[in-house]
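Chain and residue survey
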Amino acid sequence: MSVQTYDVVIIGTGPAGIQAAIHASRRKTRVLMLGRIENSALHEAHLENYAFVPGVASGADLLRLGVEQAMRFGTETSREDVLSIALADDLFHVELESGATVASRSLIFSMGVSKKKLNVPGEKELSGRGVSYCVDCDANFYRGAVVTVTGDRSAAVDGALTLLDYASKVYLVAEQLNVSAELMERLEKSKVERIHGSIKQINGEKMVNSLVLANGQTLETEGIFIELGSKGALELATQIGVQLDTESFKHIAVDRHQSTNIPGIFAAGDIVGPPYQMAKAVGEGCIAGIEAATYARKMRKED
């Protein structure tokens with residue numbers, strides 16, 4: 001299977017990603033934007049403080065119009081999540097949840113920062129002591145252990161499959177799964193034990209030792225990975241060596257050109273830090289799109 005090569009791949013379809021796609025596409029580069037607009041924090045919001053948009057505007061409508069605008073300039077789109085990123089032969093190879101891989105001369109991270117929580121008893125108290133939100137970061141600490149993953153999207157399924165290389169037993173707790181057919185097939189052929197349901201409590205004193213499910217069942221486990229969406233900045237940045245800010249380690253560090261420490265990788269929007277405002281995200285997306293396209297065009301000349 002041939003690998004499609006792009007000039008710019010954008011991960012995230014919020015305001016920063018959409019604006020980056022518009023500016024990169026207008027510079028005659030081949031652009032792919034990945035993600036689902038309904039996963040953007042803006043999707044459920046209403047705006048009344050954004051310049052040039054009088055009154056109260058629907059976030060969902062603005063995102064839809066933005067994607068349509070980017071596509072008119074030539075942006076290609078895909079609703080797939082990203083599972084991993086690797087650098088080879090001066091190209092970034094991006095593995096999608098379908099199992100397909102695309103290559104790109106540059107990347108833009110614009111997928112936001114929010115980590116959804118279960119908001120159940122024991123979660124906050126045992127965070128970092130058996131409660132984790134990043135399989136790629138913490139899997140090595142659970143060698144030979146019994147672990148559980150909860151979530152209904154690609155991050156949970158891919159995380160459970162990854163943990164099979166470390167843990168002695170892996171449970172996946174979810175009421176339903178919303179992933180590609182290819183990823184579902186990999187799960188069904190694996191040794192991950194699926195449990196239908198949801199978690200209502202996390203137990204443990206110094207460390208996690210069990211979970212209580214909504215049906216009253218108790219599940220003994222030494223760790224719970226909460227992966228309630230697609231892979232976020234922390235996981236993907238860790239894979240490729242992108243540096244985070246040195247204060248909170250929750251945001252990607254960038255310069256005034258939205259450049260990270262890795263040549264060819266840029267970031268914009270909430271992922272680079274507060275204030276978490278659409279106006280800021282759009283401005284940074286504009287810069288990131290221009291810079292990524294410029295970088296990619298220079299690479300093309302050198303090929």
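Report on the accompanying structure. The shown structure was predicted, so the numbers you read here are calculated from the model rather than taken from an experiment.

**Quick look at the overall build of the protein chain**
Check the secondary structure of the protein chain and you find seven helices and 17 strands. Radius of gyration (C-alpha) of the protein chain: 20 Å, near the 19 Å computed for a compact globule of 303 residues. For the C-alpha atoms alone, the extent of the protein chain along its principal axes is close to 55 × 50 × 35 Å. Considering the protein chain as a whole, with its 303 residues, one finds that 52% of them fall into the buried category. A separation threshold of at least 6 residues defines the contact pool for the protein chain, and within that pool the share at least 24 residues apart is 60%. By element, 50% of the accessible surface of the protein chain is carried by carbon and sulfur atoms, the whole surface being about 14,700 Å². Between the centroid of the 31 positive side chains of the protein chain and the centroid of its 38 negative side chains there is a distance of 4 Å.

**So, helix α1 (residues 15-25)**
With respect to burial, α1 is a largely interior element, 11 of its 11 residues being buried. Within α1, burial applies to P15, A16, G17, I18, Q19, A20, A21, I22, H23, A24 and S25. In the core, the buried residues of α1 are packed alongside β1 (4-11), β2 (31-34), α2 (59-72), β8 (101-109) and α7 (278-302).

**Some details on the packing of α1 against α2**
Interaxial distance between α1 and α2 falls to 9 Å at its minimum, and their mutual angle equals 20 degrees. Here α1 lies roughly parallel to α2, going by the angle between them. Handedness of the α1/α2 crossing: left-handed. Along the contact surface, α1 presents P15, I18, A21, I22 and S25, while α2 presents L63, G66, V67, Q69 and A70. Of the residues belonging to the contact of α1 with α2, the class tally is seven nonpolar, three polar and no charged.

**So, the packing of aromatic side chains**
Evaluated as defined, the whole model comprises two aromatic pairs. Considering the side-chain rings of Y142 and F225, the 5.2 Å spacing of their centres and the 70 degrees angle between planes classify their relative orientation as edge-to-face. Of this pair, Y142 sits in the loop between α3 (135-138) and β10 (146-150) while F225 sits in strand β16 (residues 223-226), and the two are 83 residues apart along the sequence. Judged by centre distance (6.4 Å) and plane angle (75 degrees), the ring pair of F266 and Y295 falls under edge-to-face. Linking F266 in strand β17 (residues 265-267) with Y295 in helix α7, this pair joins segments that are 29 residues apart in sequence. Assessed through its relative accessible area of 5%, F266 is described here as buried. A cation over a ring is seen here: K117 above Y133, with NZ or CZ 5.2 Å from the ring centre.

**Focus on the environment of A181**
With respect to the helices and strands, the residue A181 is situated in helix α5 (residues 181-188). Taking the C-alpha atoms as reference points, A181 and L161, 20 residues apart in sequence, are found 15 Å from one another.

Each value, and the rule that gives it
Residues numbered from 1 in each chain as written. Predicted model: local features only at pLDDT ≥ 70, side-chain atom pairs only at ≥ 80, totals over all residues. Heavy atoms only, no water. Helix = DSSP H or I, 4+ residues; strand = E, 2+ residues; numbered from the N terminus. Rg over C-alpha atoms; globule rule 2.2 N^0.38 Å. Buried < 20%, exposed > 50% of the residue type's maximum accessible area, 1.4 Å probe, protein only. Contact = heavy atoms within 4.5 Å. Areas by Shrake-Rupley, 256 points an atom, 1.4 Å probe, with all protein chains shown as cover. Lys, Arg positive; Asp, Glu negative; His and termini not counted. Charge placed at Lys NZ, Arg CZ, Asp CG, Glu CD. Axes fitted to C-alpha atoms, helices over the stretch in contact; angles between N-to-C directions. Parallel < 35°, antiparallel > 145°, perpendicular 65-115°, else oblique. Left-handed = near helix turned anticlockwise from the far one by under 90°. Nonpolar A, V, L, I, M, F, W, Y, C, P; charged D, E, K, R; others polar. Phe/Tyr/Trp six-rings, centres within 6.5 Å; stacked < 30°, edge-to-face > 60°. Lys NZ or Arg CZ within 6 Å of the ring centre and 35° of its normal.

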